[in-house]
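So the chains spell out like this:
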Amino acid sequence: ALPIYPVIAEGNWNYDDMQDQRTHGTLDENIDVALFWHANYAHFYFTVDTYLRALAEQKATLERPLRSGGFGYRLVPESLRWRESLPAGNLFVVKQAWLNRNVGRLYERHPLKLYLTDEQGNEKFSEIDGSFDETNWVAGETYPVISVFHLPKALAPGMYDVRIALAGPDGKPRIRLPIPGGDSQKRYKVGQVQILPALPQKVSDKAYVP
């Protein structure tokens, strides 16, 4: 027997066709098909009048795929861990676990950017993890990630807020995350770290032989 595949759209019919002709499936069924195919969006050929009709008749159905678990991507850092304190000049390692709570995918890479800021959000250090790649993340899986950042030795000792962002090609935060702690720049405060004075450099007691 030949495999059976769901059909997303038959042609240029709209919500009125769906409701009045009753041969194109229900709005719920069409939404289910789009969710099954991991859609980031769906187009039902609404005109102004048909949209207003659909909103009056099936508002809850229209809103269903717009909630968590619906269309598009919804990337969430389930956990982030790092050392509570470390010297300036050291590697700052952040262990993470990420989820995609929606059915779609983010097809363009937006690498993780780490910020160390003061209490007012003024940036004192930032770096991008170029290996961070979320383009294959799908719903129902947990994705472990380890990011390594390079703290400068000149970073002043003190307590810093740790903020994260998903950055665009220009290095600026671009993606909103469904977590608390966001600021006007789409950076998210996720904790703090204490930076200690840089360790003195050890001098080798072995003579250099060229």
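In case you missed it, the structure is sitting above this.
Residues numbered from 1 in each chain as written. Predicted model: local features only at pLDDT ≥ 70, side-chain atom pairs only at ≥ 80, totals over all residues. Heavy atoms only, no water.

On to the overall build of the protein. The number of helices and strands found in the protein is three helices and eight strands. Listing every helix and strand of the protein by position from the N terminus yields α-α-α-β-β-β-β-β-β-β-β. For 210 residues, the compact-globule estimate of 2.2 N^0.38 gives 17 Å, and the protein exceeds it by more than 25% at 24 Å. Expressed as lengths along the three principal axes of its C-alpha atoms, the size of the protein is roughly 90 × 45 × 25 Å. Within the protein, the fraction of its 210 residues that count as buried is 40%. If you take every contact in the protein between residues at least 6 apart in sequence, the share linking residues at least 24 apart comes to 70%. Accessible surface, the protein: about 12,900 Å² in total, of which carbon and sulfur atoms supply 53%. (Helix = DSSP H or I, 4+ residues; strand = E, 2+ residues; numbered from the N terminus. Rg over C-alpha atoms; globule rule 2.2 N^0.38 Å. Buried < 20%, exposed > 50% of the residue type's maximum accessible area, 1.4 Å probe, protein only. Contact = heavy atoms within 4.5 Å. Areas by Shrake-Rupley, 256 points an atom, 1.4 Å probe, with all protein chains shown as cover.)

What follows deals with helix α2 (residues 27-36). Among all positions of α2, only Leu27, Asn30, Ile31, Val33, Ala34 and Leu35 are buried. For α2, the secondary structure elements touched by its buried residues are α1 (15-21) and α3 (48-63). In the stretch just after α2, His38 is the one whose phi turns positive, near 55°.

What follows is about α3. Compared with an ideal rise of 1.5 Å per residue, which puts 16 residues at 22 Å, α3 spans 17 Å between its outermost C-alpha atoms and falls more than 12% short. At Glu57, α3 shows its maximal kink, close to 90°. All of the buried residues along α3 are Thr50, Ala54, Gln58, Thr61 and Leu62. In this fold, the buried residues of α3 make contact with α1 and α2. (Expected span 1.5 Å × (residues − 1). Bend = angle between axes of the 7 residues up to and from the residue.)

Bringing the environment of Leu91 into the picture now. With respect to the helices, strands and loops of the structure, Leu91 is situated in strand β3 (residues 91-100). By relative accessible area, which is 46% here, Leu91 ends up partly exposed. As for Leu91 and Tyr73, which are separated by 18 residues in sequence, their C-alpha atoms are 31 Å apart. Beyond its immediate sequence surroundings of up to four residues, Leu91 is in contact with Leu86, Val148, Phe149 and His150.

Looking now at the packing of aromatic side chains. The description of two aromatic rings rests on the distance between their centres and on the angle between their planes. Tallied over the full model, the rule gives seven aromatic pairs. Both rings, one in Phe46 and one in Tyr51, keep their centres 5.8 Å apart while their planes meet at 75°; by these two values the pair is edge-to-face. Overall, Tyr51 belongs to the partly exposed group, its relative accessible area being 38%. One aromatic cluster is present, formed by Trp98, Phe132, Trp137 and Tyr143 through successive ring pairs. (Phe/Tyr/Trp six-rings, centres within 6.5 Å; stacked < 30°, edge-to-face > 60°.)

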